[in-house]
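Chains, contacts and geometry: an overview
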Amino acid sequence: MVQSQTTRPGTAIVTGASSGIGKVYAERLASRGYDVILVARRQDRLREIAGDLGARFSVKAEALVADLSTESGVAAVATRLSSDASVSLLVNNAGFSTMKPLTETPDDTVRSMIALNITALTVLSKAALIAFKGRNAGTLVNVGSGAGFSPYPNIPVYGATKAYIFLFTQSLQNEVEGTAVRVQLVLPGAVVSEGWDVAGAELEALPEGIVMTTEDCVDAALAGLDLGETATAPSLQDAGLLEDYVALSGKVLQSVFDAKPAERYGVGKAAE
Ligand SMILES: NC(=O)c1ccc[n+]([C@@H]2O[C@H](COP(=O)([O-])OP(=O)(O)OC[C@H]3O[C@@H](n4cnc5c(N)ncnc54)[C@H](OP(=O)(O)O)[C@@H]3O)[C@@H](O)[C@H]2O)c1
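The notes below deal with the structure included here. Computed from a predicted structure; not experimentally measured.

If you check the shell around the ligand, you find 30 residues, and the closest are Arg41, Arg42, Asn93, Tyr158 and Ser193. Between an oxygen atom of the ligand and a main-chain N or O atom of Ile21, the distance comes to 2.8 Å. Here Ser193 contributes a side-chain N or O atom positioned 2.5 Å from an oxygen atom of the ligand. Among the elements of the structure, helix H1 (20–31), helix H5 (156–175), strand S7 (190–191) and helix H6 (195–199) are those that each provide at least two residues to the shell around the ligand. Residue composition of the shell around the ligand, by class: 13 nonpolar, 12 polar and five charged.

What follows is the structure, given as structure tokens:
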């Protein structure tokens, strides 16, 4: 159904929309009536997807080719966020991983992973929140990962970038408190995508029972958004675990500031 201009939800920018989770986000958002701006490096794919979504859902669909591991690529998207008042949703989804110990990971890979997974997401979150807070409307979705909860073998940098997204996005939720702007953190587990090939990992090696389809992941993430969740872990059956994790980390934060060294270190004991 074609929605009238007044009931349209606005424009969604989806980073990493040329494959995997981002591609499905773009499709689902277009089906909800959003005009979509698809960001990634592979122009041919973006154009094909944009053409398909525009035709199927009668929305405007645009390819914005940008390498988000570069300053100029991030600036192109940030400029769009600050200059286009129709943008009501940003999905910061682009990211990549590599399955190697740190000592075997080339410096360039480390740099571009941090640039994409952390710097681009941070700068684009800032541009989005400035625009959204100015209009007191808009939604920011940051895609983290279950890999950010705890160290996992051979993804030392990737896991840490996702831990950054966890903490960073929670902090942004404090920044938008009392406004109509929404911030959602999405924490997928293992999801079918080309990302596994990019990482040099074998998705087929994982037990079938722990791998979610891309569609289920995005549908659950959007259902979480509709439910008003601030953090959505599509494959976490026991939501209480996430609540406990957040509560416990808050408790550690409150307890970690103390002028006295902890008793167990015995500091100052010898002099007594
Ligand atoms: N799949 C999983 O199991 C899983 C689990 C947890 C979290 N995640 C997260 O989900 C997000 C999407 O990953 P995915 O699994 O869907 O992988 P994917 O299919 O490889 O998608 C990654 C997307 O990011 C884009 N991208 C990569 N480098 C880029 C760059 N420098 N500039 C702009 N765009 C870039 C890619 O497009 P181009 O190559 O065309 O640029 C692609 O569209 C990532 O943040 C990932 O960490 C995935």
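The structure having been displayed, the exposition proceeds.
What follows is about the packing of aromatic side chains. Overall, the coordinates contain four aromatic pairs when judged by the stated rule. An angle of 80 degrees between the planes, with centres 5.0 Å apart, marks the rings of Phe149 and Tyr245 as edge-to-face. Of this pair, Phe149 sits in the loop between strand S5 (139–143) and H5 while Tyr245 sits in helix H8 (residues 239–255); the two residues are 96 residues apart in sequence, bridging distant segments of the chain. When its relative accessible area of 32% is taken as the criterion, Tyr245 is described as partly exposed. Ring centres 5.6 Å apart and planes at 85 degrees place the aromatic pair Phe166 and Tyr245 in the edge-to-face group. Of the two residues, Phe166 is situated in helix H5 and Tyr245 in helix H8; the sequence distance between them amounts to 79 residues.

With that out of the way, let us pick up helix H4 (residues 107–135). Between its terminal C-alpha atoms H4 stretches 41 Å, which fits the 42 Å expected from 29 residues at 1.5 Å a residue. Along H4, the helix axis deviates most sharply at Ala115, where the bend reaches about 35 degrees. Asn136 sits one or two residues past H4 and shows a positive phi near 50 degrees.

This part is about the side chain of Thr15. Here Thr15 shows up in strand S1 (residues 11–15). Taking the relative accessible area as the measure of exposure, Thr15 reaches 2% and is therefore buried. Here the side chain of Thr15 touches Asn93 through a polar contact of 2.8 Å, landing on its backbone nitrogen. Beyond its immediate chain neighbours, meaning those up to four positions away, Thr15 contacts Val39, Leu68, Leu90, Val91, Asn92, Asn93, Ala94 and Leu124.

A surface patch of like charges, here negative, comprises Glu229, Asp238, Glu243 and Asp244. Tracing the backbone through its elements, the reader meets Asp238 in the loop between strand S9 (231–232) and H8.

Take the pattern of salt bridges next. A complete count under the given rule lists 13 salt bridges for this structure. Arg80 is paired through a salt bridge with Asp84; the nearest N and O atoms lie 3.2 Å apart. You can call Arg80 partly exposed: its relative accessible area is 23%. Between Glu263 and Lys269 there is a salt bridge whose closest N-O contact spans 3.0 Å. By sharing partners, the salt bridges in this structure join Glu27, Arg28, Asp52, Arg56 and Asp219 into a single network.

This part covers the sheet that holds S5. With parallel pairing, seven strands are arranged side by side in an open sheet as S3-S2-S1-S4-S5-S6-S9. Only two strands of the sheet have a single neighbouring strand rather than two, namely strand S3 (61–65) and S9. Alignment of S1 against strand S2 (residues 35–40), held across five bridges, turns out to be parallel. Bridge assignment links Val14 to a residue of S2, and that residue is Leu38. Lying over the sheet, H1 contacts S1, S2, strand S4 (87–92), S5 and strand S6 (182–186), oriented at roughly 170 degrees with respect to S1. The sheet contacts of helix H2 (residues 43–57) involve S2 and S3, and relative to S3 the element is tilted by about 170 degrees.

Here Gly22 is to be found in helix H1. With a relative accessible area of 0%, Gly22 lands in the buried category. For Gly22 and Leu38, which are 16 residues apart along the polypeptide, the C-alpha to C-alpha distance reads 8.6 Å.

About the cut-offs
Residues numbered from 1 in each chain as written. Predicted model: local features only at pLDDT ≥ 70, side-chain atom pairs only at ≥ 80, totals over all residues. Heavy atoms only, no water. Near = heavy atom within 4 Å. Polar contact = N/O pair within 3.5 Å; in protein donor to acceptor, adjacent residues only side chain to side chain. Helix = DSSP H or I, 4+ residues; strand = E, 2+ residues; numbered from the N terminus. Nonpolar A, V, L, I, M, F, W, Y, C, P; charged D, E, K, R; others polar. Phe/Tyr/Trp six-rings, centres within 6.5 Å; stacked < 30°, edge-to-face > 60°. Buried < 20%, exposed > 50% of the residue type's maximum accessible area, 1.4 Å probe, protein only. Expected span 1.5 Å × (residues − 1). Bend = angle between axes of the 7 residues up to and from the residue. Contact = heavy atoms within 4.5 Å. Patch = residues over 30% accessible without salt bridge, like charges linked within 9 Å, V, L, I, M, F, W, Y side chains within 5 Å. Areas by Shrake-Rupley, 256 points an atom, 1.4 Å probe, with all protein chains shown as cover. Salt bridge = Lys/Arg side-chain N within 4 Å of Asp/Glu carboxyl O. Lys, Arg positive; Asp, Glu negative; His and termini not counted. Charge placed at Lys NZ, Arg CZ, Asp CG, Glu CD. Pairing = 2+ DSSP bridges. Axes fitted to C-alpha atoms, helices over the stretch in contact; angles between N-to-C directions.

From the geometry alone we can't say anything about function, so treat these as descriptive.
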